[in-house]
Amino acid sequence: MFNSFLLTLYHVFLPISLPVIGGILLKRFKNWDTRPLSTFSLYILSPALIFDTLLHADITWTDVTGTFWFSIINLIALWALAELLSRVFHLGASEKAGLTLVSTFTNCVNYGLPLVLLAFGQLGLDKASVYVIGQMIIVNTVGIFFAARSEFTVKNAILSVFRMPSIYAAAIAIILRASNLSLPVALDGGITMLAAGYSPVVLAILGAQMLRPRGGSVEPWKPNVRKAFWTGLVVRLAAAPILSYLILTALQIEGTLFSVLLILASMPTAVNAVILAEQFNASPQFVSRCILWTTAASMVILPIMIVMSS
């Protein structure tokens, strides 16, 4: 067990840590502005990865339906848990919204996809593609509802989904696959090359986002924020993996798909959560700290989970 843990750290987390450390160093010594590269990743690299993976993915209809039901049930279970804990600890509306975001949305794209690729190979990435597309849609619909229920409209939710280029990339890949059509070799190779650049770029961005800007100061804790912070950590690091395991077992999902979905559902809090929290005043102070600390803790927790699930 311990030897397997060390091997996982060496073969999976050491490669991942290098671009993360690079991003941290660039932010620390060069005050790196990640926004241009984030835009490039969102509009070019991410769609290329989704398109390439879905077009060539080794997935079955059973994988799709199993992933769909797991995503829905897991989302409802975590939302209900966040609602319950918010009432138990008498959290305010802002902290309640922030806790819901922390509990339900994981960094399954920027962090999860490179991790799955290294831990489970191309087959794992294939299985992860369906889950990731679903999460992109959920974050931009249900996520907005969780962050600002009073401002939520169906129209805005639908528009936000169709602003994501990865959705169009997924749709085109599905159409080509269903029609048994293939791309010209040169074009397919170019898209594959772009897809290969996704992992190091987004991991470097993740590293830069983990570092507080120079000259920044730590804000004092606001009322209820400390309780919300510790509650969010417990839910994301402990309750979420346990719930995911139970749901996957109940759905009788097995093999590589079981391992991949368990790991993706146990990832740290999504970076997008703080964007929604800031936009809709869903206690961004504690959401941003949850992202930092759950990401740091995942470097220890996720290797153990990978060993156990394998």
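Keep in mind that this is a model prediction, so the values were computed, not measured.

Visitor: Explanation requested: the pattern of salt bridges in the structure shown.
Guide: Here the idea is simple: oppositely charged side chains can pair when their charged atoms come close. Under the definition given, this model contains three salt bridges. Of the charged contacts, one joins R35 and D33 as a salt bridge, the two residues approaching to 3.0 Å between their closest N and O atoms. Judged by relative accessible area, which is 61%, R35 ranks as exposed. A residue is classified by how much of its surface remains accessible, and D33, at 38% relative accessible area, is partly exposed. With a closest N to O distance of 3.1 Å, E83 and K96 form a salt bridge. Note that E83 is positioned in helix α3 (residues 61-88) and K96 in helix α4 (residues 93-104), a separation of 13 residues in sequence. In this structure E83 comes out as buried when scored by relative accessible area, which is 11%.

Visitor: Even after reading the chapter, I still don't get the packing of aromatic side chains, so can you show me in this structure?
Guide: The relative placement of two aromatic rings is captured by the distance of their centres and the angle of their planes. Throughout the structure, instances matching the rule amount to four aromatic pairs. With a centroid separation of 6.3 Å and 35° between ring planes, the pair formed by F70 and Y131 is classed as tilted. Pair noted here: F70 is in helix α3 and Y131 is in helix α5 (residues 108-139), with a separation of 61 residues, a long-range link. The same class applies to F70 and to Y131, which are both buried. Ring geometry for F229 versus W230: centroids 5.3 Å apart, planes at 70°, classification edge-to-face. The ring of F29 is capped by R28, whose NZ or CZ atom sits 5.3 Å from the centre of that ring.

Visitor: Is there a simple way to think about the packing of α4 against helix α14 (residues 284-309) in this case?
Guide: Packed helices, taken two at a time, are described by the angle between their axes plus the distance between the axes. Between α4 and α14, the least distance of the axes is 9 Å, while the angle of their chain directions is 25°. Overall, the two elements α4 and α14 adopt an arrangement that is roughly parallel. Crossing geometry of α4 relative to α14 is assigned as right-handed. Counting all contacts with α4, which are made through E95, G98, L99 and V102, the residues of α14 involved are F286, V287 and C290. For the contact of α4 with α14, the residue count by class is five nonpolar, one polar and one charged.

Parameters at a glance
- Residues numbered from 1 in each chain as written.
- Predicted model: local features only at pLDDT ≥ 70, side-chain atom pairs only at ≥ 80, totals over all residues.
- Heavy atoms only, no water.
- Salt bridge = Lys/Arg side-chain N within 4 Å of Asp/Glu carboxyl O.
- Buried < 20%, exposed > 50% of the residue type's maximum accessible area, 1.4 Å probe, protein only.
- Helix = DSSP H or I, 4+ residues; strand = E, 2+ residues; numbered from the N terminus.
- Phe/Tyr/Trp six-rings, centres within 6.5 Å; stacked < 30°, edge-to-face > 60°.
- Lys NZ or Arg CZ within 6 Å of the ring centre and 35° of its normal.
- Axes fitted to C-alpha atoms, helices over the stretch in contact; angles between N-to-C directions.
- Parallel < 35°, antiparallel > 145°, perpendicular 65-115°, else oblique.
- Left-handed = near helix turned anticlockwise from the far one by under 90°.
- Contact = heavy atoms within 4.5 Å.
- Nonpolar A, V, L, I, M, F, W, Y, C, P; charged D, E, K, R; others polar.

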